[in-house]
Amino acid sequence: MTDPTADTGRGTGRDIGRDIEQGVERGAEPPYAIEARGLGKSYGDPAVRVLDSVDLRVERGTVFALLGPNGAGKTTCVRVLATLTTADAGVARVAGYDVVAERAAVRRAISLTGQFAAVDETQTGEENLRMTARLTGLSRAAARRRAEELLVRFDLTDAARRLVRTYSGGMRRRLDLAAGLVGSPEPGVFFLDEPTTGLDPRSRRQLWQVVRELAGRGATVLLTTQYLEEADRLADRIALLHQGRIAAEGTAGALKSRVAGHRLDLVLTSRQGYLRLAGRAVHHSPETLTLGLPTDGSAAHVRALLDEIDPDGTEIDRFSLHSATLDDVFLALTSEVPAHV
Ligand SMILES: Nc1ncnc2c1ncn2[C@@H]1O[C@H](COP(=O)(O)OP(=O)(O)O)[C@@H](O)[C@H]1O
Ligand SMILES: [Mg+2]
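Since the model is a prediction, treat every value here as computed from it, not as a measurement. (Residues numbered from 1 in each chain as written. Chains lettered and ligands numbered in written order. Predicted model: local features only at pLDDT ≥ 70, side-chain atom pairs only at ≥ 80, totals over all residues. Heavy atoms only, no water.)

> A description of the overall build of the chain should follow, citing residues and the corresponding values.
Counting its regular elements, the chain contains 12 helices and 14 strands. Out of the 341 residues belonging to the chain, those deemed buried represent 45%. (Helix = DSSP H or I, 4+ residues; strand = E, 2+ residues; numbered from the N terminus. Buried < 20%, exposed > 50% of the residue type's maximum accessible area, 1.4 Å probe, protein only.)

> Could you give an account of the site of ligand 1, naming the residues involved and the relevant values?
Close contacts around ligand 1 come from Tyr43, Val50, Pro69, Asn70, Gly71, Ala72, Gly73, Lys74, Thr75 and Thr76, and that covers them all. Between Lys74 and ligand 1, the recorded distance is 2.8 Å, taken from a side-chain N or O atom to an oxygen atom. Within the contact set of ligand 1, an oxygen atom lies 2.8 Å away from a side-chain nitrogen or oxygen of Thr75. Relative to its unbound accessible area of 550 Å², ligand 1 is 56% covered by the protein chains. Per-element accounting of the shell around ligand 1 gives the leading share, three residues, to helix H2 (residues 74-81). Looking at the shell around ligand 1, its residues break down into four nonpolar, five polar and one charged. (Near = heavy atom within 4 Å. Polar contact = N/O pair within 3.5 Å; in protein donor to acceptor, adjacent residues only side chain to side chain. Areas by Shrake-Rupley, 256 points an atom, 1.4 Å probe, with all protein chains shown as cover. Nonpolar A, V, L, I, M, F, W, Y, C, P; charged D, E, K, R; others polar.)

> Lay out the pattern of salt bridges in plain terms, naming residues and giving numbers.
If you walk through the whole model with that rule in mind, you get 18 salt bridges. Here Glu102 makes a salt bridge to Arg93, at a shortest N to O gap of 3.7 Å. A residue is classified by how much of its surface remains accessible, and Arg93, at 26% relative accessible area, is partly exposed. Among the ionic pairs, Glu315 bridges to Arg276, the shortest N-O distance being 2.9 Å. Here Arg276 lies in helix H10 (residues 271-277) and Glu315 lies in the loop between helix H11 (299-309) and strand S14 (316-323), a separation of 39 residues in the sequence. Overlapping salt bridges, with partners in common, bring together Glu35, Arg37 and Arg57 in one network. (Salt bridge = Lys/Arg side-chain N within 4 Å of Asp/Glu carboxyl O.)

> Explain the sheet that holds S14 residue by residue, including any values.
Strands pair in a sheet through their backbones, by hydrogen bonds, and they do so in one of two ways: parallel or antiparallel. Strand order in the open sheet formed by four strands is S12-S13-S11-S14, and the pairing between neighbours is antiparallel. Sheet topology places strand S12 (283-285) and S14 at the edges, where each strand pairs with a single neighbour. For this sheet, the mean inter-axis angle between neighbouring strands, taken without regard to orientation, is 20 degrees. In this structure, strand S11 (residues 262-268) lies alongside S14, joined through seven bridges in antiparallel fashion. Paired with Leu264 across the bridge in S14 is Leu321. The strands touched by H11 are S11, strand S13 (290-295) and S14; relative to S13, the strand with the most contacts, the crossing angle is about 135 degrees. (Pairing = 2+ DSSP bridges. Axes fitted to C-alpha atoms, helices over the stretch in contact; angles between N-to-C directions. Contact = heavy atoms within 4.5 Å.)

> Explain the sheet that holds strand S6 (residues 110-112) to me, using residue names and the numbers behind them.
Pairing within the open sheet is mixed, and its six strands lie in the order S6-S7-S8-S3-S9-S10. The open sheet has two free edges, formed respectively by S6 and strand S10 (245-250), since each of these has just one partner strand. Taken over all neighbouring pairs, the strand axes of this sheet differ in orientation by 15 degrees on average, direction set aside. Along the sheet face, H2 touches strand S3 (63-67), S6, strand S7 (189-193), strand S8 (220-225) and strand S9 (237-242) and points at about 155 degrees away from the line of S8.

> Summarise the packing of helix H5 (residues 140-153) against helix H6 (residues 169-182); cite the residues concerned and give the values.
Interhelical geometry of H5 versus H6 gives an angle of 145 degrees and a closest axis separation of 10 Å. The way H5 lies across H6 gives a crossing that is right-handed. Residues Arg146, Leu150 and Arg153 of H5 pack against Ala178, Leu181 and Val182 of H6. Classifying every residue of the contact of H5 with H6 by side-chain character gives four nonpolar, no polar and two charged. (Left-handed = near helix turned anticlockwise from the far one by under 90°.)

> Could you give me a rundown of the pairing of S11, with the residues and numbers involved?
Counted residue by residue, S11 has six buried out of seven residues, so it is predominantly covered. One ladder, built from six bridges, connects S11 with S13; its direction is antiparallel. Across the sheet, residue His262 finds its bridge partner in S13, namely Thr295.

Structure follows, in structure tokens:
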């Protein structure tokens, strides 16, 4: 007889959680590049709690997305982890170092986009990278090689000889990342705070490619985003940050299995029909008699829903199918219930 709760012996079968608790004491290399426990931060008077007991664990060499709407606390969390501000409560270690007691070591181990205001707008991308490389102590020839390599890697060769002033937002962000890599030993820990917000779709895809490339080399990436799709495409694990708390954490697949993935929006022909169905809906728009119902988006499920809801074909005026939005995920995973009617 087998005990279903017994360790199945996958891999070494070791208890990673226990190793973390004991790892530092035992002198073992901690498996987490980023580890935070109970982070709290308040601002203002009266105090507004911006981070409320945030726990995070990011394994080395993985991409982790902190997903949340404006004001959720994403930037504050990144600033605490990147040592730009201190938390009021909790502890955090990045690359094995305490973010308060070992701030300098953390700073050497990380790269933070946007930090490199040192990028000179009146120089070309190539000049910027060479100069940064020289400043880190590389010889002229080595600096040229390093700049060349990074320009290729970040898809900036065509723009290498143009002034940074003329760069698009996406190019500028890629140059920031490249500049952050010039002198740092790789792989490291990258904090990318909303790296694609405001970028056009093509620049966004290029940046995604850069993130994948960093992760492919063994770097750890923590990025923040407001876009579910971005987290879905890039991240090994996602944490949903909602009003300063982690509302859910897991792989994209695990999180999506907690929401329906798609939404079938129905425009009802009558208010009675609207009211009858409102309780099942995850989206409500009483002015237009529109309700959104969760679905997996398959033809079979959509057809079954329509048949079930409207067997006589009189109650539904129109319908449309959408991918679940970040709002849908938040509504499903937080206790907030939208006003019905
Ligand atoms: N320095 C600050 N002083 C006062 N309030 C702040 C400060 N920084 C952030 N906040 C507030 O904290 C909340 C979370 O902000 P932030 O971490 O920037 O969220 P996000 O990056 O998810 O949009 C917001 O309500 C914001 O106004
Ligand atoms: Mg922010």
